[in-house]
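Observations on chain architecture
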Amino acid sequence: MHSTHKGGESRCGMKAEFKEDAYHALSAEDVLAGIEASPTGLSATEAAQRLQLYGPNELPATPARHPVVRFLSHLNNALIYFLLAAAVVTWSLGHFVDASVILAVVLVNAIVGFIQEGKAENALNAIRNMASPQATVMRDGHRSRVSVADLVPGDMVLVEAGDRVPADLRLMHARGLLIEEAILTGESVAAEKREDPVPVEAALGDRTSMAYFGTMVAAGQGSGVVVATGVKTEIGRISTLLGSVQELTTPLLRQINRFARRFTWVTISGAVLLFLFAVFARGFAWPDALIAIVALSVGLVPEGLPAVITITLAIGVRRMAARNAIIRRLPAVETLGATSVICSDKTGTLTRNEMTVRRIVVCNDEILVSGSGYSAEGEKLFEDEGSEMFPDRGHALTLARAGILCNDAHLRKSANGWIVHGDPMEGALVTLAMKAGFDPENIRAEWARVDEIPFDAQHRFMATLNQVPHGQKVILVKGAPERLLEMCSMQAGEDGQVPLDPGYWTVRIAEAAAEGERILGFAMKPAPASACRLSFGEIEKDLIFLGIMGFIDPPREEAVAAIAECHAAGIAVKMITGDHAATAAAIASQLGLGDNPAALTGHDLDNIRDEMFEATVRETVVFARTNPEHKLQIVRALQRGGAVVAMTGDGVNDAPSLKQADVGIAMGQRGTEAAKEASQMVLLDDNFASIVSAVHEGRTVYDNIRKVVAWTLPTNGGEALTVVTAILFNFTLPMSPVQILWVNMITAVTLGLVLAFEPPERGVMRRPPRAADAGLLSPFLVWRVIFVSLLFLGGALLIFFNALDRGLDVETARTMVVNTIVILEIFYLFNVRYFHMTSLTWRGAMGTSPVLIAIGVVFVAQLAFTYLPIMQRLFATKPVSIADGILIISVGVIAMVILEGEKYLMRRFGLLD
C-alpha cells in the first residue's frame, strides 16, 4: 500500500512531489490508486490486515495520574493535617499507641478513598468504551456500521449532517456538505466542501477537498476515503488529546465537600474551646485533654463521606449500564432521580422503528398492503386483506418505483432477518418495491441517479434526478405531503395529468393519520436529457403529485408499561415528534398518554401568547410538527415551571434541546455524534423503557446517598456526644481516646460502605420525584442526626454507669461501652436500610451480602478487641461476660424498636422527606 505520491498530475495542473499531508491536491482517482482503495470500499479481510498494520484509529489516551499522586491527594485536606499534627504531638508525649492509631485512621481513610476513586474511574472508562462512536463505511460493497477505532486507510466513509468526521478523509463526493472546523482552524463559519482538488500550498482552512478527524458535519452529505487515522490525522498532529476524562465530581459531591470542610472547621473550633474548658475548668492534664479532643474530632468529622458517595454514584453508573443506559457525565446520575418530566421522541423510542407501508393512496383509489417488517417473502402488493384486487396497477407501480429510486436505504438479509442500512421508512419503501415485483438493485441501475438533494428538516423533502431507460430524465421527490402539495400544480389522474385537488388529498392524509400512520407524499417532474444538477428553484414549483403512502410503526409493548410506571411515579411523559398531528395523537392514545389527546403543532405554539405559553406546554402531552426551536422552547418553558426535564433526541437538530435539558438522552443506535456529545446519557437500545429504568436507578442512587449520610452523621455524633457529656459534667470518660479512634476506624471502612450497594426499596417508582432544589440534609435527616445521637448517648451511658454500679472496673466498663456503640451502629444500619418501610421483616433481617460481610468483619474485629491479649494491652480492654454481652445486644434491640417506632410515626405523618 502506498502512502506517498511522486510526480502526480492533479486537476489543478500541478506536478510536484506530494507528501502524506498533500492528499487535498490530488485528484480523487489518484488518491484511490495511491492507497489502493475502491469506491465500493475495502473487503473485510483487507480491512483487518490494514488494522494490524496501522493500528486502531484512536488518539493517545489521557495520561493517568500516578498512583502515588492519587494516594497523596487523599491526605490533602485540613482535617488530615490536623490529625497528622496531633499524631506528632501525642508521639512526642510518649503516647505511642494513641499516635499509631491516629496514623492508622489517616492511612485507612486514604486507602479507602484511593481504592474507591480507582473503582469509579474504571467504571466510567468502561462506560465510555461501551458508548464508542460508530462510522458508516462501505465494506465488501455494502454499507456497514463499524467502530471508529476500526477504521483504516482506504476505508470509504459516508457522512451526513450531525456526524463527527471519524478520520481524515479525502472527499470523493460532496452534496451541500458543510463542516464545522473550528477545533482546527478557529473559523466559526462552517466550511463548504467539494470534490475537486486544491493547490498543494492551500492552508488548512482552504482544503475544501478534505474532511478532518473530529470536525462536525453541519449540513449535507458526502463520502470520502480514509487517508489518515489516529495520531497521523491532522488533529493527532496538533494535540495528543481530544477531549478530557470526566472529572469525578458532581454538584452533590461539591455540596458534600463544602459541608465536610465547614463541619471540620466548626469541629476544630469547638474542640479548641472544649480543650480549654477541660484543662482550665475541669482540671484535665493538657496532654490527656489534647488526646481526648483529637479522638473526639476524628470520631465526629465524616472525612470519608465524599469517597463513599463517589463509589455510590459509580455503582449506579454500572447498574444503569446493565440496563442499556450509558452515563456520559456523572452528574446525570443525581439528576435522573429528580426527573419530573420526560420529553420523548416517538419513532424508535416509543415505537419499534420497524416501518411498514400499510396504505397506498393514488387518484380516487386506495390499497391496504399486507405484511409487516422488512421481509417481502410471501407477500404481494395487490392484495387488500383478501378482498378484490386493486383496480389500477399502473399508478401504484409508479409510486412504488418512485419510492425505491428516491431512496438511500438498502436491505440486507442476515441470520437474524432483514437488516436496514439507512432510514427505516426508506427501508420500508425498498420492501414495498420488492412486494411489487421490482428488484431494487436492477431498478436502481436501470434508472441511474444523476444528482440528488438530501432530505433536510428545513425543506422537509428529498429529491433525485434519475436517468429514464429511454434517454429522458425525471425528477422524483418524496417528503411531507403538505410540503409537496405546496410545490405541485398537477396530479397523476386516471387519464394522465389533471389539476391538483388539494382538498381530496387533505382528507385522505387525515384519514390515514387518524389510524396512526406516518404519511409520505410523492411527486415527479420530467427533466431535459441534458440536466445534470438539481436546484431548489427548479424543484419547488410545477411538480406532479403522484400519491401518498401511510406507514405504521407499532408502539413498543415495554414502552406502554414504562409510561404507566412513569405516571405512577409522578413523572409526566410528553411526546414531541415531527409527525402529522393526527398521527401523533393516535400513537399517543395507543401508548397510554391519554384518551384521544389533543396534539399541539409547531404552528400552534408559534401563535400562543407569551403569558399562556408555559401553562399550555405544561398541560399538553403531544407536540407534533415541531422544529428544533420549538423543542428548545418546550424544554425551557417546563424548566421555568420548576420541572426537571429529561429530553431524548437523535439528530444534530436535537443538540440544542439536549444540551438545555437537565438530562439530555441521545439514541445510541440511530443517534448522531452531535446528539451524543450534547447529551448526558446514551441509550444503547434506543428504548423508552431504558429511560425509565435509568430513572429507577437514579432514584435508588439518591436514596442510598441519603442512607449513607443518615448513618454516618448520627453515629459519629453519638460517639462524640458521649465524650462531650463526660467533659461537661466532669465524670470519667466512657471511652478512652484510643478506643474512640478504634471505633471510628473499624466501622468507617466496613459499615460505612455497605449502604452504597443497597438494592432499591419497594415502591421507589411509586413516589413523586423529589424537588429540584431539595437539599441533602432535609429536615428529617437533621432530626435523625439529633435523635440518634441522643439515643446512642443514652445507650452508652446506661451501660457505663450500670457496669460501675455493679462494681466492675473502669476498663471493663469502657470495653462494654465500645461494644455497645458498635452494636448500636449495626442495629441502626439495619434500620436505615429502609426509609419507606419497616426493617422488621425477614428481608430486612437477612440483609444483603455486603451487609453480612461487613457485620462479619466487625464481629471478628470486636472479638479480637475484647478478648485478644495483645489488643487488650494496646486498647486497655477487659473480657466481657456472656451475660454482659446479652445486655449489650439487648440495648441494640431496644434501640432498634425505638427507631422503628420513630420511623413509623414519621411515615404516618408524612415527615420522611
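Since the model is a prediction, treat every value here as computed from it, not as a measurement. (Residues numbered from 1 in each chain as written. Predicted model: local features only at pLDDT ≥ 70, side-chain atom pairs only at ≥ 80, totals over all residues. Heavy atoms only, no water.)

Our next topic: the pattern of salt bridges. Under the defined criterion, the tally for this structure stands at 27 salt bridges. For Glu558, the salt bridge goes to Arg556, with nearest N and O atoms at 3.5 Å. Relative accessible area serves as the criterion here: at 31%, Glu558 is assigned to the partly exposed category. When its relative accessible area of 13% is taken as the criterion, Arg556 is described as buried. With a closest N to O distance of 2.7 Å, Arg767 and Asp703 form a salt bridge. (Salt bridge = Lys/Arg side-chain N within 4 Å of Asp/Glu carboxyl O. Buried < 20%, exposed > 50% of the residue type's maximum accessible area, 1.4 Å probe, protein only.)

Given two aromatic rings, one states the distance between the centres and the angle between the planes to describe the pair. Counting across every chain of the model gives 11 aromatic pairs. Ring centres of Phe731 and Phe801 lie 5.2 Å apart, and the angle between their planes is 65°; this geometry places the pair in the edge-to-face category. Of this pair, Phe731 sits in the loop between α25 (688–728) and α26 (737–748) while Phe801 is found in helix α28 (residues 779–805), placing the two residues 70 residues apart along the sequence. Both rings, one in Trp742 and one in Phe865, keep their centres 5.4 Å apart while their planes meet at 10°; by these two values the pair is stacked. (Phe/Tyr/Trp six-rings, centres within 6.5 Å; stacked < 30°, edge-to-face > 60°. Helix = DSSP H or I, 4+ residues; strand = E, 2+ residues; numbered from the N terminus.)

The buried fraction of helix α19 (residues 581–591) amounts to eight of the 11 residues, a majority that puts the element mostly inside the structure. Along α19, the positions that sit buried rather than exposed are Ala581, Thr583, Ala584, Ala585, Ala586, Ile587, Ala588 and Leu591. In this structure, the buried side of α19 is in contact with α16 (502–514), β21 (518–527), α18 (557–568), β23 (572–576), β24 (599–601) and β25 (622–624). Gly592 sits one or two positions beyond α19 and adopts a positive phi of about 90°. (Contact = heavy atoms within 4.5 Å.)

Moving on: the pairing of strand β12 (residues 356–362). Counting buried residues in β12 gives six out of seven residues, a clear majority hidden from the surface. Relative to strand β22 (residues 543–552), β12 runs antiparallel, the two sharing five bridges. Considered in β22, the bridge of Val361 is made with Ile548. Counting the residues that bridge the hairpin from β12 to strand β13 (residues 365–368) gives two residues, and of these Asn364 lies at a positive phi of roughly 65°. (Pairing = 2+ DSSP bridges.)

What you see with strand β11 (residues 341–344) is no split at all: Val341 and Cys343 on one side and Ile342 and Ser344 on the other are buried throughout. In this structure, β11 lies alongside β23, joined through four bridges in parallel fashion. If you follow Cys343 over to β23, its bridge partner there is Lys574. As paired strands, β11 and strand β26 (residues 645–649) are joined by three bridges and run parallel to one another. Note on β26: the bridge partner recorded for Ile342 is Ala646.

Sheets are built from strands that pair by backbone hydrogen bonding, the pairs being arranged parallel or antiparallel. If you trace the eight strands from one edge of the open sheet to the other, you get β10-β28-β27-β26-β11-β23-β25-β24, paired in mixed fashion. Sheet topology places β10 (325–327) and β24 at the edges, where each strand pairs with a single neighbour. Going from strand to strand, the sheet's axes swing by 20° on average, the running direction of each strand aside. One ladder, built from three bridges, connects β24 with β25; its direction is parallel. Directly across from Thr601, in β25, lies its bridge partner Ala624. Contacting β10, β11, β23, β26, β27 (663–667) and β28 (681–683), α25 runs over the sheet at an angle of about 160° to β11. (Axes fitted to C-alpha atoms, helices over the stretch in contact; angles between N-to-C directions.)

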